[in-house]
Amino acid sequence: MTEAIRIILIGPPGAGKGTQAQRLRDLHGLVHISAGDLFRARIKDPNDPMGQQLKAILDSGALVPDAVTIQMIAERLQQADCAKGFILDGFPRSIAQAEALDAMLLKHNIKLDAVIQMEVDDDKLVERISGRYTCGECNTGYHDTFKPAQDAHTCDVCGAKDKFVRRSDDNAEAVRARLKTYYNQTTPILPYYEGKGMLKRLDGMASMDEVTAAIEAILKGPKDSPGKNPPRP
Ligand code: ADP
Ligand code: ADP
Ligand code: ZN
């Protein structure tokens, strides 16, 4: 059995975290854990008592309170499929979340392979976010200019018809708020991981294929170094 890969993707909104996480999931059979996707699933669920509160927070561009987010991710990481390895996309986003994640991993004797920071200029982020849409059935990500679906009505991956959706927080005002949140609350976790020698940076302005190649190159490095998790039986 191949060794499980466990990575964190950090980057501003629109950096390409979800795009790369979907690719790594398909290439390596990893579980893609997106905090944003988990929140959006709860918002869609009419029986979730917090759904409406979560929607208001996501639309504002602020972070969901740490306690709620940490609990949700802890529950997700305990599910059996995560033994295959995972990509954390958009978690942690605050120092408290990074510390809580460390405690969770330590408890289960799990080591991360890399924490990858995707750097993209603000102008480009706005361009990416304003053209973003996803398939409402399988969640595959698309872009009006950079990755349009082959047929405007049909998902390339699952074939769903007229199921494309745009996020309510992908508007200019919410994007400005999300960028501010990123610089104020999330970038302080970068020195935290740098201090542990785990942080790798990559140029997120490059093409999707080039970014995937850069991540693959990063993953080749730490897998051979000491401290890597032993292979699972
Ligand atoms: P993006 O494409 O902007 O990176 P996400 O789908 O990752 O967006 O997140 C959407 C929203 O969900 C965030 O603006 C925030 O409100 C909430 N959210 C996502 N991840 C976290 C987190 N780790 N902690 C708190 N809130 C989060
Ligand atoms: P994030 O999850 O970091 O918010 P996404 O992966 O959703 O970002 O990407 C934002 C938008 O930009 C999507 O529409 C996606 O198709 C597009 N995109 C992602 N990576 C690239 C890239 N390297 N070049 C051009 N467009 C990209
Ligand atoms: Zn689809």
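Relevant structure appears above.
What counts, and where the lines are drawn
Residues numbered from 1 in each chain as written. Chains lettered and ligands numbered in written order. Predicted model: local features only at pLDDT ≥ 70, side-chain atom pairs only at ≥ 80, totals over all residues. Heavy atoms only, no water. Patch = residues over 30% accessible without salt bridge, like charges linked within 9 Å, V, L, I, M, F, W, Y side chains within 5 Å. Areas by Shrake-Rupley, 256 points an atom, 1.4 Å probe, with all protein chains shown as cover. Salt bridge = Lys/Arg side-chain N within 4 Å of Asp/Glu carboxyl O. Lys, Arg positive; Asp, Glu negative; His and termini not counted. Charge placed at Lys NZ, Arg CZ, Asp CG, Glu CD. Helix = DSSP H or I, 4+ residues; strand = E, 2+ residues; numbered from the N terminus. Buried < 20%, exposed > 50% of the residue type's maximum accessible area, 1.4 Å probe, protein only. Axes fitted to C-alpha atoms, helices over the stretch in contact; angles between N-to-C directions. Parallel < 35°, antiparallel > 145°, perpendicular 65-115°, else oblique. Contact = heavy atoms within 4.5 Å. Nonpolar A, V, L, I, M, F, W, Y, C, P; charged D, E, K, R; others polar. Near = heavy atom within 4 Å. Polar contact = N/O pair within 3.5 Å; in protein donor to acceptor, adjacent residues only side chain to side chain. 1 Å grid on protein atoms, 1.4 Å probe; cavity = no way out; pocket = protein on both sides within 12 Å on 5 of 7 lines; lining within 4 Å. Points joined across faces, edges and corners; volume = space filled by probe spheres on them.

Novice: What is the right way to look at a negative patch on the surface in this model?
Specialist: Together, E119, D121, D122, D123, D203 and E210 line one region of the surface with negative charge. Mapped onto the secondary structure, D122 falls in helix 6 (residues 122-130). Classification of D122 as partly exposed rests on a relative accessible area of 34%.

Novice: Is there a simple way to explain the packing of helix 2 (residues 35-44) against helix 4 (residues 66-77) in this structure?
Specialist: Working note: a packed helix pair is described by the angle between its axes plus the distance between those axes. One way to put it is that helix 2 packs onto helix 4 with a least axis distance of 11 Å and a crossing angle of 100°. Between helix 2 and helix 4, the interaxial angle falls into the category roughly perpendicular. Residue-level inspection shows A35, L38, F39 and R42 of helix 2 in contact with helix 4, the latter providing V68, T69, M72, I73 and R76. Taken together, the residues that form the contact of helix 2 with helix 4 break down as six nonpolar, one polar and two charged.

Novice: What exactly am I supposed to notice about the site of ligand 1 here?
Specialist: Around ligand 1, a shell composed of 18 residues is seen, among which K17, R40, A62, R93 and R178 lie nearest. Take R40: an N or O atom from its side chain is 2.9 Å from an oxygen atom of ligand 1. In the model, a nitrogen atom of ligand 1 is placed 2.9 Å from a nitrogen or oxygen of the Q97 side chain. Residue contributions to the shell around ligand 1 peak at four residues, all from helix 2. The residue makeup of the shell around ligand 1, split by class, is eight nonpolar, four polar and six charged.

Novice: Would you mind showing me how to read the layout of surface pockets here?
Specialist: The probe, sized like a water molecule, is rolled over the atoms to show the empty space still left. When its volume is computed, the second largest pocket comes out at roughly 270 Å³. As for the second largest pocket, its lining consists of 16 residues, of which L77, Q78, M104, H108 and I110 are closest to the centre. Those elements giving two or more residues to the lining of the second largest pocket turn out to be helix 4 and helix 5 (95-107). Tallying contributions element by element places helix 5 first for the lining of the second largest pocket, with four residues.

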